[in-house]
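Structural overview for review
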Amino acid sequence: VQYSQIGWSELFRMQQPQGHAPPLSGPRKLNTIVERGIVYGTESIALYPKQTPPEGAPSHRWKVYVRGPRHEDISPFVKRVVFHLHSSFTNPHRAVDAPPFEITEQGWGEFDIIISIHFKDPGEKPIDVSHTLRLFPPEGVAWPDNKPVVSENIDQIVFNDPNEWFFNDLMTAKQEDGPPLIQPYYISAAQAEEDAHLERILIAQKKIRDEIWRLKEKYEQTATKAAQVRRMIDYQEAALPPVIAANSTS
């Protein structure tokens, strides 16, 4: 894993356009919306599953990460991921510049991790998400000693009218069809059914949105063709000799 330790001042400078970065301005793909999903989460395993850890020793080894919904490569459009850990860690702000976008640590306490995701286009503002590190299984749930505790969330990132070169990068990062491969921390049967219903709604909305864009594009193509035909008719009419009316006699 490639990561570096950074401070807040360096983080602020890092968010500014770099000298060799693609230009902020340039042709854009107008009337274009591109959605890309990301999964972020934590995975932990107990270091002393059957005994109390020695005094002062970490109880768990864990990692925090960002990936594609079905483990696709997100590096075509993600430039850097910064994980902001608890201040008790040495160098708590850690940047990862290449996949896999993850860090591994050891500890004994749960806390919220802020994850900053930076994109290849410096004109796209970085986004921050928060995720709780889970070390222990849900209360009242049977859990094998050697089974990792996984807690994951998924988000959809929407890019409106992206730069053409960044649009090409987004298209390179094609994401597979099918439900995302995620492991929520714990959900009840009722919550699972609600989530499945919401997923069906989101899929239907996406189909409707795709159909709207398809019809809009078809309409624009038809309107363009109609305008071309109208100009051709006007040109041909202008080229016709004038019609001279015959003199009438009474």
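Quick note: structure is the one above.
1. Focus on a nonpolar patch on the surface
- A cluster of nonpolar residues, Leu198, Ile201 and Leu202, forms a patch on the protein surface that exposes about 240 Å² of accessible area.
- Locating Ile201 in the fold gives a position in helix α3 (residues 189–239).
- Note on Ile201: relative accessible area 35%, which makes it partly exposed.

2. Here we look at the packing of aromatic side chains
- Throughout the structure, instances matching the rule amount to seven aromatic pairs.
- Each ring, one from Phe77 and one from Phe159, has its centre 6.2 Å from the other, and the planes form 80 degrees; the classification is edge-to-face. One end of the pair, Phe77, is in the loop between β3 (60–67) and β4 (78–84); the other, Phe159, is in strand β9 (residues 149–160), and 82 residues separate them in sequence. Note on accessibility: Phe77 and Phe159 belong to one class, buried.

3. Topic: the layout of surface pockets
- Volume-wise, the second largest pocket comes out at about 340 Å³.
- If you trace the second largest pocket, you find 19 residues lining it, with Tyr65, Val66, Arg67, His71 and Glu102 closest to the centre.
- Going through the elements one at a time, β3, β6 (101–107) and β9 are the ones with two or more residues in the lining of the second largest pocket.
- With four residues, the top contributor of residues to the lining of the second largest pocket is β3.

4. Let's talk about the pairing of β6
- Across the seven residues of β6, five count as buried, placing the element largely inside the fold.
- Bridge analysis of β3 against β6 gives seven bridges, and the strand direction is antiparallel. The partner of Trp62 across the bridge, within β6, is Glu105.

5. Focus on the side chain of Ser44
- Along the chain, the position of Ser44 falls in strand β2 (residues 33–46).
- Looking at Ser44, its side chain comes within polar contact range of the main-chain oxygen of Arg134, at 2.9 Å.
- For Ser44, the contacting residues outside a window of four places in its chain are His60, Arg61, Trp62, Arg134, Leu135, Pro148 and Val149.

6. Notes on the pairing of β2
- Relative to β9, β2 runs antiparallel, the two being bridged by 12 bridges. In the sheet register, Ile38 faces β9, and the bridge partner there is Asp155.
- One ladder, built from eight bridges, connects β2 with β3; its direction is antiparallel. Note that in β3 the partner of Ala46 across the bridge is His60.

What counts as what
Residues numbered from 1 in each chain as written. Predicted model: local features only at pLDDT ≥ 70, side-chain atom pairs only at ≥ 80, totals over all residues. Heavy atoms only, no water. Patch = residues over 30% accessible without salt bridge, like charges linked within 9 Å, V, L, I, M, F, W, Y side chains within 5 Å. Areas by Shrake-Rupley, 256 points an atom, 1.4 Å probe, with all protein chains shown as cover. Salt bridge = Lys/Arg side-chain N within 4 Å of Asp/Glu carboxyl O. Helix = DSSP H or I, 4+ residues; strand = E, 2+ residues; numbered from the N terminus. Buried < 20%, exposed > 50% of the residue type's maximum accessible area, 1.4 Å probe, protein only. Phe/Tyr/Trp six-rings, centres within 6.5 Å; stacked < 30°, edge-to-face > 60°. 1 Å grid on protein atoms, 1.4 Å probe; cavity = no way out; pocket = protein on both sides within 12 Å on 5 of 7 lines; lining within 4 Å. Points joined across faces, edges and corners; volume = space filled by probe spheres on them. Pairing = 2+ DSSP bridges. Polar contact = N/O pair within 3.5 Å; in protein donor to acceptor, adjacent residues only side chain to side chain. Contact = heavy atoms within 4.5 Å.

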